[in-house]
Amino acid sequence: MLYHLLYPLHESFNAFNVFKYITFRTFAAGLTALLLSFVFGPAFIRFLKVKQFEQAIRTDGPASHLVKQGTPTMGGILILFCLIVATLLWVDLKNPYVWIVLGVTLTYGLIGFWDDYTKIILKNSKGISAKTKLFCQIMFATLAALWMYQNQAISTDLTFPFLKNFVLPLGYFYIPFAVLVIVGTSNAVNLTDGLDGLAIGPVITVAGTFLLLCYIAGHAKIAQYLQVAFIPGTGELAIFCGAIVTAGLGFLWFSSYPAAIFMGDVGSLALGGALGTLAIMVKQEILLMIVGGIFVAEAVSVISQVISYKLTKKRIFKMAPVHHHFELLGWPEPKVVVRFWIISIVLALIALSTLKLR
Ligand code: 57M
């Protein structure tokens, strides 16, 4: 909004020319989301406690989790508030890509809120059924993919890291592939959110990586130099990514061990959906699997554990997702979390290095 209000003033005051630059508005959106987190965070946590929006801890999990009983959850509402306000303040509101990613983020946040509300307020520990959740996720992801496909806002060619000349034309099949990326990432982040700060850390590193990837994809000269797809208009998504990074950092201030707040499904489903949608828009779906390798490992650990148990009645891990396996090996929770963050940062650096190694 400020872009539309203040940039036109550059004709009278040259200093306002700065509002044209995506770099400036990304920094400003980041600062805005961070400040909003610190301003509203403490009061929001108090509100959740007063309202008793508190996490019920399953008894079949690691015993160390039982002390977490009563921790306020649905902190994702704070993340989404800071993220969306900061984005709307600083982004070019005429940019269609921003509205698509905001639409997926908000609808996935509503699905997560519905699940959290059912579990915590309606005291139904199962929440909404997995089928209902999956149906809603597929529906909204399909709407986003179809809109992009109909408006030629997306190429249906699949590109690969390291292979600059090889593309896989998917045609119509790109739509179910895009849905798989968005729904898969959303659920992978959801599964990862099982230790204090474990999910928000990799969300910050993935969003920071995609901040650069979006800026590059929207910049003709840099995209050409790095031989990646130039997609006009996607540079504005860097502002959204900047807001995710600092809304995430602001949330981490409160959710680091021992967590004063959990993000809830309202946060994990929304943030995962946002990251999946960003990857589709800037044609970096495979790179998302590298930089988001922690999310992939967590999801794969669950799938393999369930298949193994169903087929052989034997478990591959002491407990899935894999973060619980390390807890049961005796690693203290903060050690598991920080080591997963380190891996996430290394994966982000590897992902960015593939841009040059082509
Ligand atoms: C999402 N939710 C956490 C919190 C957070 C198929 C099966 C693998 C499903 C999976 C599952 O239930 N996943 C749901 C993970 C939960 O966190 C809440 O959920 C939100 C995220 N969606 O924001 O509101 C618990 O995680 C802990 N937590 C923290 N700190 C945080 O910052 O300590 C969360 C955030 C919270 C808290 O204890 O209550 C979760 O783990 O449920 N199921 C599992 O992950 C279970 N694994 C399992 O059943 N494994 C089986 C088979 C089925 C794979 C096996 O290995 O044999 C584990 N989770 C729990 N107990 N809670 C183990 C059992």
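Basis of the calculations
Residues numbered from 1 in each chain as written. Predicted model: local features only at pLDDT ≥ 70, side-chain atom pairs only at ≥ 80, totals over all residues. Heavy atoms only, no water. Helix = DSSP H or I, 4+ residues; strand = E, 2+ residues; numbered from the N terminus. Rg over C-alpha atoms; globule rule 2.2 N^0.38 Å. Areas by Shrake-Rupley, 256 points an atom, 1.4 Å probe, with all protein chains shown as cover. Lys, Arg positive; Asp, Glu negative; His and termini not counted. Charge placed at Lys NZ, Arg CZ, Asp CG, Glu CD. Buried < 20%, exposed > 50% of the residue type's maximum accessible area, 1.4 Å probe, protein only. Polar contact = N/O pair within 3.5 Å; in protein donor to acceptor, adjacent residues only side chain to side chain. Contact = heavy atoms within 4.5 Å. Core = buried A, V, L, I, M, F, W, Y, C linked by side-chain atoms within 4.5 Å. Salt bridge = Lys/Arg side-chain N within 4 Å of Asp/Glu carboxyl O. Pairing = 2+ DSSP bridges. Near = heavy atom within 4 Å. Nonpolar A, V, L, I, M, F, W, Y, C, P; charged D, E, K, R; others polar.

Peer 1: Looking at this structure, how should I read the overall build of the protein?
Peer 2: Of regular secondary structure, the protein possesses 14 helices and two strands. Rg of the C-alpha trace for the protein: 20 Å, near the compact-globule value of 21 Å for 358 residues, within the 12% margin. Accessible surface, the protein as shown: approximately 16,600 Å² in total, 70% of it carbon and sulfur. With 25 positive and 15 negative side-chain charges, the protein shows a separation of 5 Å between the mean positions of the two kinds.

Peer 1: Would you explain the side chain of Ser268 in this entry?
Peer 2: Considering the arrangement of structural elements, one finds Ser268 in helix α10 (residues 264–281). Judged by its relative accessible area of 0%, Ser268 falls in the buried class. A distance of 3.0 Å separates the side chain of Ser268 from the side chain of Asn190, its partner in a polar contact. In this view, Ser268 contacts Ser186, Val189, Asn190, Asp193 and Met263; residues no more than four positions away in its chain are not counted.

Peer 1: In this structure, what is going on with the nonpolar core? I would like to understand it.
Peer 2: In summary, soluble globular proteins display a tendency toward joint burial of nonpolar side chains. Among the nonpolar cores identified, the biggest contains 99 residues, and Ile200, Phe210, Leu237, Ile244 and Leu278 are the most heavily contacted of them. The dominant element in this core, judged by the number of residues it contributes, is helix α9 (residues 237–255), at 12 residues. The contacts of Leu237, once residues within four sequence positions are left out, are Tyr97, Val98, Val101, Cys214, Leu278, Met281 and Val282. Membership of the second largest hydrophobic core comes to eight residues, among which are Leu195, Leu198, Ile294 and Phe317.

Peer 1: Honestly, the pattern of salt bridges in this entry has me stumped. Any pointers?
Peer 2: Pairs can form between side chains of opposite charge whenever their charged atoms are close. Evaluation of the coordinates by the stated rule reveals eight salt bridges. When the shortest N-O distance is used, the salt bridge between Glu333 and Lys68 registers 2.9 Å. Of the two residues, Glu333 is situated in helix α14 (residues 333–353) and Lys68 in the loop between α2 (22–50) and α3 (76–90); the sequence distance between them amounts to 265 residues. Here Lys133 makes a salt bridge to Asp115, at a shortest N to O gap of 3.0 Å. With a gap of 18 residues between them, Lys133 in helix α5 (residues 130–150) and Asp115 in helix α4 (residues 96–120) connect regions that are remote in the sequence. Since its relative accessible area comes to 12%, Lys133 is described here as buried. Residue class for Asp115 comes out buried when judged on its relative accessible area of 1%. Within the structure, one salt-bridge network assembled from shared partners comprises Asp115, Lys119, Lys133 and Asp265.

Peer 1: Would you explain unusual backbone geometry in this entry?
Peer 2: Both trends apply: most residues other than glycine have a negative phi, and most peptide bonds are in trans. With an omega of -10 degrees, the peptide bond running from Tyr257 to Pro258 counts as cis. Note on placement: Pro258 falls in the loop between α9 and α10. Cis geometry is adopted by the peptide bond preceding Pro321, which originates at Ala320 and carries an omega value of -5 degrees. Although it is not a glycine, Met74 sits at a positive phi angle of roughly 70 degrees. For Met74, the location among the structural elements is in the loop between α2 and α3. On the basis of relative accessible area, Met74 is assigned to the buried category, the value being 0%. Non-glycine residue Lys123 carries a positive phi angle of around 55 degrees. Within the element layout of this structure, Lys123 appears in the loop between α4 and α5.

Peer 1: Is there a simple way to think about the pairing of strand β1 (residues 157–160) in this case?
Peer 2: Regular strands place side chains that alternate from one sheet face to the opposite one. Across four bridges, β1 lies against strand β2 (residues 163–169) in antiparallel orientation. Bridging from a neighbouring strand, Phe160 pairs with Leu163 of β2. Counting the residues in the hairpin turn of β1 and β2 gives two residues, including Phe162, whose phi is positive at 75 degrees.

Peer 1: Would you mind going over the site of the ligand with me for this structure?
Peer 2: Gln55, Asn190, Asp193, Gly264 and Asp265 are the nearest of the 29 residues found near the ligand. Within the side chain of Lys68, a nitrogen or oxygen atom sits 2.9 Å from an oxygen atom of the ligand. One of the side-chain nitrogen or oxygen atoms of Arg315 is found 2.8 Å away from an oxygen atom of the ligand. When isolated, the ligand has an accessible area of 1,000 Å², and the protein chains bury 83% of it. At the level of secondary structure, the elements contributing two or more residues to the shell around the ligand comprise α6 (174–192), α10 and α12 (293–312). Looking at the shell around the ligand residue by residue, the class counts come to 11 nonpolar, 11 polar and seven charged.

The quantities given are spatial measurements derived from coordinates; they are silent on function.
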